[in-house]
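Structural features, examined
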Amino acid sequence: MSQVGNHISQHGLDTHGIRTSATVYWNLTAPVLTEHALQRNEGFLADNGALVVRTGRHTGRSPKDKFVVRSPESEDQIWWGAVNQAIEPDKFDRLYDRVCEFLSDKPLYVQDCAAGADLDHQLPVRVVNQYAWHNLFARQLFLRLDGDRLARHKPDFLVLSAPDFKADPERDGTRTETFVLVNFERRIVLIGGTQYAGEMKKSVFTIMNYLLPQKGLAPMHCSANIGENGDTALFFGLSGTGKTSLSADPARRLIGDDEHGWSEHGIFNFEGGCYAKCIRLRQESEPDIYGAIRFGTVLENVVADADTRALDFDDQSITENTRAAYPLHFVNGAVEPSIGGHPKNVFFLTCDAFGALPPISRLTTEQAMTQFLLGYTAKVAGTETGVTEPTATFSSCFGAPFLPLPPKRYAQLLGEKLDTHRSQVWLINTGWQGGPYGIGKRINIAYTRAMITAVLEGKLSEVEYRTDPVFGLHCPAHCPGVPDEALDPRSTWADKAAYDAQAAKLAAMWNDEIAKL
């Protein structure tokens, strides 16, 4: 085994039981990793310098293939069920050994990095990859270390990704040949049978969602930004609801686009990069994301012209879930280190496929806790394997697939933070108006931005509010930059009776779910 790269750790791969007769590449920089990916035919360069890759048949996460190892340390804490399926320690150990054996003659790429910008709560992580482009993804998405911190790095968790290894379900206890296994006792995430890089990102999020509540901190599936006056805002929501797009505001500085913690100090980003959806991306509507796509960015499943390599962000022939992974500093004015104060305003984003919800509502504390546990939205096409069009779903805490603990644990932590810091919560619908999906139209993002701007500038504190007769939500009757009729979903439907039926249907679904909380 030869070793190449920067700051080859004294805590070598043998400490994880990983040995290879081939070369191990340590902490390579983005340009060098890009070169390796090109030399290995793992991708190609777009005309703007971004690395374009394909993820094979998995173009989204595979939540049904995710398992948590049952162990004495965590067994009584885990929220067992469909989200956290159990696998026995001996099956994990045998599969881990088989993956290590599979990798024993293959070059490996290592990134020593971290999760959590607040140094008091930072988690040292090591990512080991079979693919160079996966290692580039890890370098751009997690917190990069340098100098003495990199030299002294001792990983607390290992993420090992071997996409070319396929499990044997009968032998290994997995559902399919694809697997994402989280072992809190051995502090390892083991990934195989999938090339989709988002599995690495979300596995680290799952780890932070397990560790931080034990310290009394609230981990959150949200984006965050900060205004000129130092006011922090949070944006909760599942993929496709607008977390990345709405937090990337040219008038405000981005803290992070997806995963944060709320500590005694304030808000801190878990990551060092962004993982933005880029289907139908437009420079004029999302300039920060558009400008971040350049050399050093990884583009997953974006279609490019075979000759000119010009990108076609409208082409969804591979998947609707096209993605761009880039470091936070690619966003103009991004906050680094990515931390902020306690938030004044918190936005819950939902993508209502029924076309029934108002575009903005001000929530009471009780309503906020109910909505947080309810987590109503629509799964957007391509985000998960098998989802081909928006489907109504309820995802506790706007991130149930990533919660190892019971949802009420996270709700309690968030509620305490909201009460302590008197944060106002708003429900924002970024879904459909004028009809359900297939008939109506997606709410104009310019209107959504205008509503959020009005909140952040305090312009909705004194306007008239109405109570929605179906959902009991408090909705502003006026908002600068938004037509009054757009604030009332019923008025946007030509068929009022059809709206009433849809709203009643959604309200009944809400009540059924609330009864289960």
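See the structure shown above.
Turning to the overall build of the protein chain, a few remarks are in order. Within the protein chain, the secondary structure is distributed over twelve helices and 32 strands. Over its C-alpha atoms the protein chain spans a radius of gyration of 23 Å, differing by no more than 12% from the 24 Å that the globule rule assigns to 517 residues. Taking the principal axes of its C-alpha atoms as reference, the protein chain extends roughly 70 × 55 × 45 Å. Taking all 517 residues of the protein chain together, the buried fraction comes to 60%. Sequence-distant contacts, at least 24 apart, represent 71% of the contacts inside the protein chain between residues at least 6 apart. A total accessible area of about 19600 Å² is found for the protein chain, and carbon and sulfur atoms account for 48% of it. Computing the positive centroid from 51 side-chain charges and the negative centroid from 63, the protein chain places the two 1 Å apart.

Next up on the list: the pairing of strand S5 (residues 66–69). Both faces of S5 are covered, namely the face carrying Lys-66 and Val-68 and the face carrying Phe-67 and Val-69. Of the strand pairs in this sheet, S5 and strand S6 (residues 85–87) are connected by three bridges, and their pairing is parallel. Bridged to Phe-67 within S6 is Gln-85.

Attention shifts here to the environment of Phe-137. Within the element layout of this structure, Phe-137 appears in helix H3 (residues 132–141). According to the relative accessible area criterion, Phe-137 is buried, its value standing at 0%. Along the backbone, Phe-137 and Gly-273 are 136 residues apart, and their C-alpha atoms lie at a distance of 9.3 Å. The contact partners of Phe-137, leaving out residues within four places of it in the chain, are Ala-197, Gly-198, Met-200, Lys-201, Tyr-275, Val-298, Glu-300 and Ala-325.

This part takes up the packing of aromatic side chains. Here the structure, examined in full by the defined rule, presents 22 aromatic pairs. With 6.4 Å between their ring centres and 50° between their planes, Tyr-196 and Tyr-275 make a pair best called tilted. Pair noted here: Tyr-196 is in the loop between strand S12 (188–192) and helix H6 (198–211) and Tyr-275 is in strand S18 (residues 273–277), with a separation of 79 residues, a long-range link. When sorted by exposure, Tyr-196 lands in the same class as Tyr-275, which is buried. Look at Tyr-376 and Phe-394: their rings are 5.5 Å apart centre to centre, the planes differ by 45°, and that puts the pair in the tilted class. Of the two residues, Tyr-376 sits in strand S26 (residues 376–379) while Phe-394 sits in strand S27 (residues 391–394), which places them 18 residues apart along the sequence. A relative accessible area of 2% means that Tyr-376 is categorised as buried.

This next bit is on the sheet that holds strand S3 (residues 43–45). Here we have five strands laid out as an open sheet, ordered S3-S4-S19-S22-S18, and mixed in their pairing. Each edge of the open sheet is held by one strand with a lone partner, namely S3 and S18. Strand after strand, the sheet turns through a mean of 25° between neighbouring axes, direction not considered. Looking at chain direction, strand S19 (residues 298–300) and strand S22 (residues 323–327) are connected through three bridges and run antiparallel. Residue pairing in the sheet places Val-298 in a bridge with Ala-325 of S22. Running over the sheet, helix H1 (residues 30–39) touches S3 and strand S4 (51–53) and is turned about 120° from S3.

For helix H2 (residues 89–102), spanning 14 residues, the distance from its first C-alpha to its last is 20 Å, which sits close to the expected 20 Å at 1.5 Å a residue. Residues of H2 that are buried: Phe-92, Leu-95, Tyr-96, Arg-98, Val-99 and Cys-100. Buried-residue contacts for H2 involve S5, strand S10 (157–162), helix H5 (169–172), strand S11 (179–183) and S12.

Formed by 90 residues in total, the largest nonpolar core has its most connected members in Leu-234, Phe-236, Phe-348, Phe-372, Leu-414, Phe-471 and Trp-510. Core analysis: the second largest hydrophobic core is formed by 25 residues, Val-69, Leu-103, Leu-108 and Val-110 among them.

Moving on, we come to H1. Those residues of H1 lying buried are Ala-30, Leu-33, Thr-34, His-36 and Ala-37. Summarising the axial view, the buried residues of H1 lie within an arc of 160°, below the 170-degree limit, and thus occupy one face. On its buried face, H1 is in contact with strand S2 (24–26), S3, S4, strand S7 (108–115) and H3. Directly after H1, the chain includes Asn-41, whose backbone phi takes a positive value near 60°.

Here the focus is the pattern of salt bridges. Considering all chains together, one arrives at 25 salt bridges under this definition. In this structure, the salt-bridge partner of Arg-126 is Asp-112, at a minimum N-O distance of 2.7 Å. Here Asp-112 lies in strand S7 and Arg-126 lies in strand S8 (residues 123–129), a separation of 14 residues in the sequence. For the residue pair Arg-126 and Asp-112, the accessibility class agrees, reading buried in each case.

Cut-off values and rules
- Along each chain, residue indices are assigned from 1 in the same order as the chain's sequence is written.
- Local features in this predicted model are restricted to residues whose pLDDT is 70 or higher, and side-chain atom pairs enter the listing and the counts only when it is 80 or higher, whereas totals over whole chains, interfaces and linings include all residues.
- Water and hydrogen atoms were dropped before computing side-chain values, which therefore reflect all heavy atoms in the structure.
- Strands are runs of DSSP state E lasting at least two residues, helices are runs of H or I lasting at least four, and both sets are numbered from the N terminus onward.
- It is over C-alpha atoms that the radius of gyration is taken, and the globule rule equals 2.2 Å times the number of residues to the power 0.38.
- Per-residue accessibility, obtained with a 1.4 Å probe over protein chains only, is compared with the maximum for each type, and a residue is labelled buried under 20%, exposed over 50%, and partly exposed between these values.
- By definition in these notes, contact holds between two residues if any of their heavy atoms fall within 4.5 Å.
- Computed with the Shrake-Rupley method and a 1.4 Å probe, the accessible areas treat only the protein chains shown as cover for residues.
- In this tally, Asp and Glu contribute negative charge and Lys and Arg positive charge; neither His nor the terminal groups of the chain are included.
- The atoms used to mark charge sites are NZ of Lys, CZ of Arg, CG of Asp and CD of Glu.
- For two strands to be treated as a pair, DSSP must find no fewer than two bridges joining them.
- Aromatic contacts are taken between Phe, Tyr and Trp rings whose centres are within 6.5 Å, Trp giving its six-membered ring; a plane angle under 30 degrees counts as stacked, one over 60 as edge-to-face, and the others as tilted.
- To define axes, lines are fitted to C-alpha atoms, for helices over the stretch in contact only, and angles between the resulting N-to-C directions are given on a 0 to 180 degree scale.
- Multiply 1.5 Å by the residue count of a helix minus one, and that product is the helix's expected span.
- Among the buried residues, those of types Ala, Val, Leu, Ile, Met, Phe, Trp, Tyr and Cys that are joined through side-chain atoms within 4.5 Å form a nonpolar core.
- It is the directions from the helix axis to the C-beta atoms that the arc portrays.
- When a carboxyl oxygen of Asp or Glu lies within 4 Å of a side-chain nitrogen of Lys or Arg, that pair is called a salt bridge.

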